Amino acid sequence: MIPAEFDYEAPESLEEAIRMLHENGEDAKLLAGGHSLLPLMKLRLAAPTVLIDLRRIPGLHGIQRENGSWRLGPMTRHADLQDAQELGVVARAASLIADQQVRNRGTIGGSLAHGDPASDLPTVLLATEGEVTARGTGGQRTIAAADLFQDFLTTSLAHDEVITEVRLPAMDGYGFGYEKFTRRAEDWAMVGVCALVKKADDGSCEDVRIGLTHMASTPLRASAAEEALRGQGLDAESIARAAEQAAEGTEPPGDLNATPDYKRHLARTLTGRALREAAGL
Amino acid sequence: MSTVEQPATRGDGFVGRAMKRKEDPRMITGRGNYIDDLALPGTLWAALVRSPEAHAKIVSIDKSAAEERSDVVGVFTHEDLKGDFAAPMPMVWDPPGMEVNTPEHWPLAGGEVKHVGDPVAIVIGTDRYGVVDAAEGVIVEYEPLPAVVDPEAALEDGSPLVWEQFGTNKTHEWSIAGGDVEAAFADADVVVKQRLVNHRTAGAPIETRGCIADPRGDRVTLYSATQIPHIARFVISLVTGIPEDKLRVVAPDVGGAFGSKINVFAEEVLAVVLARRLGRPVKWIESRSENMAVVHHGRDQIDYVEFAAKRDGTVTGCRVRVVADLGAYYLQLTPWIPQLGFPVATGCYRMPNIDLKFEGVFTNKFPTDAIRGAGRPEATHWIELMINKVAEELGMDPLELRRKNFIPKEEFPFTTPLEITYDSGDYHGTLDKLLQNLDLDAFRREQAELRERGVYRGVGFSTYVEVCGLAPSRAVGPQGVGIQGAGWESAMVRVSPSGTATVYTGTSPHGQGHDTGFAQIAADRLGLDPENVEVIHGDTDQGPWGWDTYGSRTLAVGGEAVARAAQKVQAKAKRICAAMLEAAPEDIELVDNKFQVRGSPDKAWTMAEIAGAAHIPPQELPADIEPGLEETSFYDPENFVFPFGAHACVVEVDADTGKVDIVRYLSVDDCGPAINPMLIDGQVHGGVAHAIGQALYEQVIYDESGQLVTGTFVDYALPTAAELPSFETDRTETPSPVNTLGVKGVGEAGTIAASPAVTAAVMDALKPLGVTWLDMPLTPMRVWQAIQEAQGGGDGPRRTEQARDLDEHAGGSAGSGPTGPEEGGAS
């Protein structure tokens, strides 16, 4: 478990990091918590020649509330998210990532930039319709979650862009549930479902968001299920009917643990569970 | 022979006390001495170039890029090293009157590779990281050959052959029978049949393998993370031609093995040969990826089992055909391991008629060999599940059926139809105690209530007997089943002039806790505190020759040798004490750590005083007493020992997803009188966890082309503490008449017992849904598919086993992490 040779840099400013990324081209990788990248390097499935560690750059940590949104520093650790109960579904999903040692190191920015469809936080960003701010040699821009995740481990971040901020709507008034199905507690999700439900005054479903983890090469929204529930009463039957639609149109990849059929079944079952929790049933 | 309640202590002795492990403080504070902690000046590093092909001709090997590196000392292939070998790697089972097709197995592959990971070259260099880079630069051209991974397909005509010269992939056939099986089946009221798949698993110790070979003068010392330093010295001497006295093997602290360090591996031999050739220490530390691919796996057999019974529940016979996947080569005992279950294939039951047939098969996978339990978990799995099936067929309570067929305690020693003599047992006793602890009636009420609410709980049982205490030499050796080895054990006990003791054992513990248990045994016999008894093991230069640690042998054979050697020391101490106190030796008794004259407790000496007199006599010793205080014992047991017990598992199955959670796990084990109940609990916890791993989580999978799919702990689902219940252990104590301690072994008991209990519990939970059979591992998908099939749904289980399983997989990793090199941005 010995990685190929690489150089290590720990710049003290964002500008320097961007310059290093730019100068080293595709051979450079950013290092945040390292809990996705380093295992790939040790298996020699990834072999960057330069690692640019973000740990010394000021201003990339922290959790702040601002105008109905949460502003999260990209270097904020999963463990910090897990402890910030006010973050709601973000805290819940973070608490289910791998094990405590991984949560102590892994970061939200790293998880989003890695773009692993089996990871939990990309799904949460998609379901909450959050966004990231990125800076590169071309300047600063904001990327909506729906545009960020392009394919398996592929995002729309340019090679020399660094995520500088993660912004998530606070989802005030929404109930939430995050169902993660694993064989072992520390595993990646076989399937995960993030559900957010806002009740209208009459008890019906004013709004609903359903995000799916590991059902495709990117996180997905279960739009058919959302459609089926929006405006309906929030009872067991309507939720069950909506959950039946959760895997509509999905073509999940099979793997050792689950065939595509089984994954679609899990998506329906877990959606029902997550919606029931989000609706307070 | 009596079964007694769990006693805390016997007299004022240390045996029987739940003492904390002497070895733990250093290990849990980072002061252990594991193989990778050892650093010798001038050390060279080794890395292996391994085949990515499952079966291929080696067309060419281009070493030039690696050799040109300044940090590389040399790159060696089979052609380069064959002159350094006196013999190929040995397989030591040579059954009388029977052929075992045995291929030559050299440390490096020459000509052809036979499995993924087969080593074709070794790179030696000055930098630990550099040799790995250099190994990547060795260009090997392969011409792929067809591979076979399914053992039953390998037996069909026209299958690709792993070894052309045998004209078949069949390695051997071995059978044994007792009673009249044909008559039993002819007279049976019911016959139940089942094909069971007992899948391939890995030992997966937390410390991987590793070694350093250190050449000094005309000797070579091999430090190795091994279970078998003595056997390793013997075997490496054979393979390299280095005389045994010029070879020393040391096992430092070893971080777990579970059978996986029971072999002499190619890497150890290569380190010795190259260290000698290059005149510098050569060190190799195995990566986790290598550990998953090139350490022997366990199990991997398909069992065709038939049980015959009478209407009243008497089980009258069984017929079993085992097809065992042995992989591509043999390690030391590869073809023998499947048969290891045979001595207990009649289980705890009278079972008067039995017929067992074993066939071994070559496939293009890494060899199988002994992993915790080795043959016995497989046999116990089929016995216990088939007993349930007979009960089901007869409409009887499976526990009643067991009781009806149990060998009653009055009938021990009991000779089975296979001429195996079970030493002692009380099978009703352990089951009764288990049921008391479980409260089965309360569980059945709760189960019924929960089912009303769609919650599926089930309970499964396993009443097992296992065989350990390897081994009576006449039973296993050349005059027995044909192993070119023996099973006795040695111990030497030395008391120093100041009255502390050192115990040298020929066993080589690697996590079991013998430093503590052996100290307790010796302390009681020497009149010392265990704190003042040091236990030395794992060094062929220290203490007498021994047969190392495996097969739950260490206490029943090695511990008995310690007891006997310590007893000899005690006898001599009494003679010296008697001489000093002017009494008769037979009047000296050991009471409360004092050697005193019977009836005159004021006339007493401590061991320290006696040891002083033995070394620096204050007055002349009688002429018939030699100075010094040191004795050796070589102990060859008369018989095996047969631990037994009853286990129960309670599970809850999420019928919507197929996920199984263990709610309770209860065990009542009987391994004779406890030396240290805490050590026993530790062994049972680990053993049961190991079997739960096989039952629910772990499986080594090769795809159809022979690629190892489960090469990391992402895909090889070793359970963690989070998946395991809090174990409810208990014991009874039925002494064995085989040794003076009355002890049996317990290292493998949990692993042997637990898989059928877990499997039966899941089947019990799903009975209302119509599920009647499940093969391990009971993964959520497999359980869900079984429910679908039973309910007439569309997505029933295709036979999910080994390579065939992969039809339904895309073959991807279970986590999407380590599958591709492309990833974006920070991570």
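Residues numbered from 1 in each chain as written. Chains lettered and ligands numbered in written order. Predicted model: local features only at pLDDT ≥ 70, side-chain atom pairs only at ≥ 80, totals over all residues. Heavy atoms only, no water.

Draft legend 1. Local environment of the overall build of chain B. Each helix and strand counted, chain B has 20 helices and 28 strands in total. The C-alpha radius of gyration computed for chain B amounts to 28 Å, which stays within 12% of the reference 28 Å derived for 827 residues, consistent with globular compactness. Each of the three principal axes of chain B carries a C-alpha extent, and together these read 90 × 75 × 60 Å. Taking all 827 residues of chain B together, the buried fraction comes to 64%. Here the analysis covers contacts within chain B between residues at least 6 apart in sequence; of these, 80% occur between residues at least 24 apart. (Helix = DSSP H or I, 4+ residues; strand = E, 2+ residues; numbered from the N terminus. Rg over C-alpha atoms; globule rule 2.2 N^0.38 Å. Buried < 20%, exposed > 50% of the residue type's maximum accessible area, 1.4 Å probe, protein only. Contact = heavy atoms within 4.5 Å.)

Draft legend 2. Broad picture of the overall build of chain A. A tally of regular secondary structure across chain A gives eleven helices and 14 strands. Radius of gyration (C-alpha) of chain A: 19 Å, near the 19 Å computed for a compact globule of 281 residues. If you line up chain A on its principal axes, its C-alpha atoms span 60 × 45 × 30 Å. Taking all 281 residues of chain A together, the buried fraction comes to 58%. Long-range pairs, those at least 24 residues apart, make up 63% of the contacts in chain A between residues at least 6 apart in sequence. On chain A, roughly 10,800 Å² of surface is accessible, and the fraction owed to carbon and sulfur atoms is 43%. (Areas by Shrake-Rupley, 256 points an atom, 1.4 Å probe, with all protein chains shown as cover.)

Draft legend 3. Examining the sheet that holds strand E19 (residues 489-495) of chain B more closely. All names here are of chain B. Across the sheet, four strands lie side by side as E21-E20-E19-E25; this open sheet has mixed pairing. Taken across any chain shown, the strands that pair with only one partner, and hence form the sheet edges, are strand E21 (533-536) and strand E25 (630-635). Strand after strand, the sheet turns through a mean of 15 degrees between neighbouring axes, direction not considered. Note: E19 against strand E20 (residues 501-505), five bridges, orientation antiparallel. Among the inter-strand pairings, Met492 is bridged to a residue of E20, identified as Tyr504. Here helix H15 (residues 514-526) sits on the sheet and contacts E19, E20 and E21; the angle it forms with E21, its principal contact strand, is near 130 degrees. (Pairing = 2+ DSSP bridges. Axes fitted to C-alpha atoms, helices over the stretch in contact; angles between N-to-C directions.)

Draft legend 4. View of the sheet that holds strand E6 (residues 139-144) of chain B. All names here are of chain B. Strand order in this open sheet of three strands is E4-E2-E6, and the pairing throughout is antiparallel. Every other strand in the sheet has two partners, leaving strand E4 (112-113) and E6 as the edge strands with one partner each. In this sheet, E4 lies alongside strand E2 (residues 56-62) in antiparallel orientation, the contact comprising two bridges. Within the sheet, the bridge partner assigned to Ala56 lies in E4 and is Val113.

Draft legend 5. Representation of the packing of aromatic side chains within the structure. Residues and elements named next belong to chain B. All told, the structure shown has 21 aromatic pairs over all chains when counted by the stated rule. Taking 5.9 Å as the distance between ring centres and 10 degrees as the angle between the ring planes, the aromatic pair formed by Tyr349 and Phe406 counts as stacked. Note that Tyr349 is positioned in the loop between strand E14 (315-327) and strand E15 (353-362) and Phe406 in the loop between helix H11 (398-405) and strand E16 (414-415), a separation of 57 residues in sequence. Like Phe406, Tyr349 is buried. Taken together, a centroid distance of 5.1 Å and an interplanar angle of 70 degrees make the contact between Tyr427 and Phe644 edge-to-face. (Phe/Tyr/Trp six-rings, centres within 6.5 Å; stacked < 30°, edge-to-face > 60°.)

Draft legend 6. Summary view of the environment of Asp730 of chain B. All names here are of chain B. Mapped onto the elements of the fold, Asp730 is located in strand E28 (residues 727-731). Between the alpha carbons of Asp730 and Ser667 there is a distance of 6.0 Å; along the sequence they are 63 residues apart. Here the side chain of Asp730 touches Asn437 through a polar contact of 3.0 Å, side chain to side chain. (Polar contact = N/O pair within 3.5 Å; in protein donor to acceptor, adjacent residues only side chain to side chain.)

Draft legend 7. Local environment of the environment of Glu359 of chain B. Residues and elements named next belong to chain B. Relative to the elements of secondary structure, Glu359 occurs in strand E15. Judged by its relative accessible area of 10%, Glu359 falls in the buried class. Linking Glu359 and Glu173, residues 186 residues apart in sequence, is a C-alpha distance of 4.6 Å. Not counting residues within four places of it along the chain, the set of residues in contact with Glu359 comprises Leu155, Lys170, His172, Glu173, Arg321, Val322, Val323 and Ala324. At 2.8 Å, the side chain of Glu359 and the side chain of Arg321 are in polar contact.

Draft legend 8. Structural view of empty space enclosed by the protein. Residues and elements named next belong to chain B. Inspection of the entire model under this criterion finds twelve cavities of 30 Å³ or more. Its volume calculated, the second largest cavity comes out at about 140 Å³. As for the second largest cavity, its lining consists of 18 residues, and the residues nearest its centre are His105, His115, Pro119, Ala266 and Phe366. Of the residues that constitute the lining of the second largest cavity, the class distribution is twelve nonpolar, three polar and three charged. (1 Å grid on protein atoms, 1.4 Å probe; cavity = no way out; pocket = protein on both sides within 12 Å on 5 of 7 lines; lining within 4 Å. Points joined across faces, edges and corners; volume = space filled by probe spheres on them. Nonpolar A, V, L, I, M, F, W, Y, C, P; charged D, E, K, R; others polar.)

Draft legend 9. Helix H19 (residues 749-766) of chain B, seen in detail. Here H19 of chain B is 18 residues long and its end C-alpha atoms lie 27 Å apart, about the 26 Å a rise of 1.5 Å per residue gives. Buried residues dominate H19 of chain B, accounting for 18 of its 18 residues. (Expected span 1.5 Å × (residues − 1).)

Draft legend 10. Region of the structure containing the pattern of salt bridges. Under the defined criterion, the tally for this structure stands at 81 salt bridges over all chains. Note that Arg65 of chain A is salt-bridged to Asp172 of chain A, the shortest N-O span being 2.5 Å. Of the two residues, Arg65 of chain A is situated in strand E4 (residues 63-66) and Asp172 of chain A in the loop between strand E10 (162-169) and strand E11 (174-181); the sequence distance between them amounts to 107 residues. Judged by its relative accessible area of 42%, Arg65 of chain A falls in the partly exposed class. Its relative accessible area of 46% is what places Asp172 of chain A among the partly exposed residues. Ionic pairing is found between Glu290 of chain B and Arg50 of chain B, a salt bridge with its closest N-O pair at 2.8 Å. Placement of the pair is Glu290 of chain B in helix H9 (residues 288-293) and Arg50 of chain B in strand E1 (residues 44-50), with a sequence separation of 240 residues. The residues Glu290 of chain B and Arg50 of chain B share a single accessibility class, namely buried. (Salt bridge = Lys/Arg side-chain N within 4 Å of Asp/Glu carboxyl O.)

Draft legend 11. Expanded view of the nonpolar core. All names here are of chain B. Grouped together as the largest cluster of nonpolar side chains are 189 residues, with contacts concentrated most on Ile122, Phe307, Trp382 and Tyr665. At twelve residues, H19 tops the list of elements feeding residues into this core. If we ignore the near neighbours within four places in the chain, the residues touching Trp382 are Leu196, Gln301, Asp303, Val305, Phe307, Val320, Val322 and Leu356. In this structure, Val535, Ala561, Val569 and Met607 belong to the second largest nonpolar core, which totals 49 residues. (Core = buried A, V, L, I, M, F, W, Y, C linked by side-chain atoms within 4.5 Å.)

Draft legend 12. The side chain of Gln339 of chain B, seen in detail. Its place among the elements puts Gln339 of chain B in the loop between E14 and E15. Residues contacting Gln339 of chain B, with those up to four places away along its chain left out, are Trp93, His172, Trp174 and Phe358 of chain B.

Draft legend 13. How the structure looks around the pairing of strand E9 (residues 210-216) of chain B. Residues and elements named next belong to chain B. Counting buried positions along E9 yields six of seven residues, so the element is predominantly enclosed. Here E9 runs beside strand E12 (residues 282-285); their pairing, made up of four bridges, is antiparallel. Along E12, the bridge assignment pairs Ile212 with Lys283. In this antiparallel pair of consecutive strands, E9 and strand E10 (residues 219-224), the connection spans two residues, and Gly217 shows a positive phi of 60 degrees.

Draft legend 14. Inspection of a negative patch on the surface at higher detail. Together, Glu5, Asp7 and Glu9 of chain A together with Asp127 of chain B make up a negatively charged patch on the protein surface. Here Glu9 of chain A is to be found in strand E1 (residues 7-9). Under the relative-accessibility criterion, Glu9 of chain A is labelled partly exposed at 34%. (Patch = residues over 30% accessible without salt bridge, like charges linked within 9 Å, V, L, I, M, F, W, Y side chains within 5 Å. Lys, Arg positive; Asp, Glu negative; His and termini not counted. Charge placed at Lys NZ, Arg CZ, Asp CG, Glu CD.)

Draft legend 15. Summary view of the confidence of the model for chain B. Residues and elements named next belong to chain B. Confidence along chain B averages 94 in pLDDT terms, with 94% of residues attaining 70 or more. For the stretch residues 796-811, pLDDT sits under 50, and the model shows 49 contacts to residues farther than four places along the chain or on other chains. ipTM for the predicted complex: 0.97, alongside a pTM of 0.95. (pLDDT = per-residue confidence, 0-100.)

Draft legend 16. Quick look at the state of the cysteines. All names here are of chain B. Tallied over the entire structure, the rule returns zero disulfides over all chains. We note that Cys318 lacks a disulfide partner, and the nearest cysteine sulfur, in Cys348, lies 14 Å from it. For Cys318, a relative accessible area of 0% puts it in the buried group. (Disulfide = S-S within 2.5 Å.)

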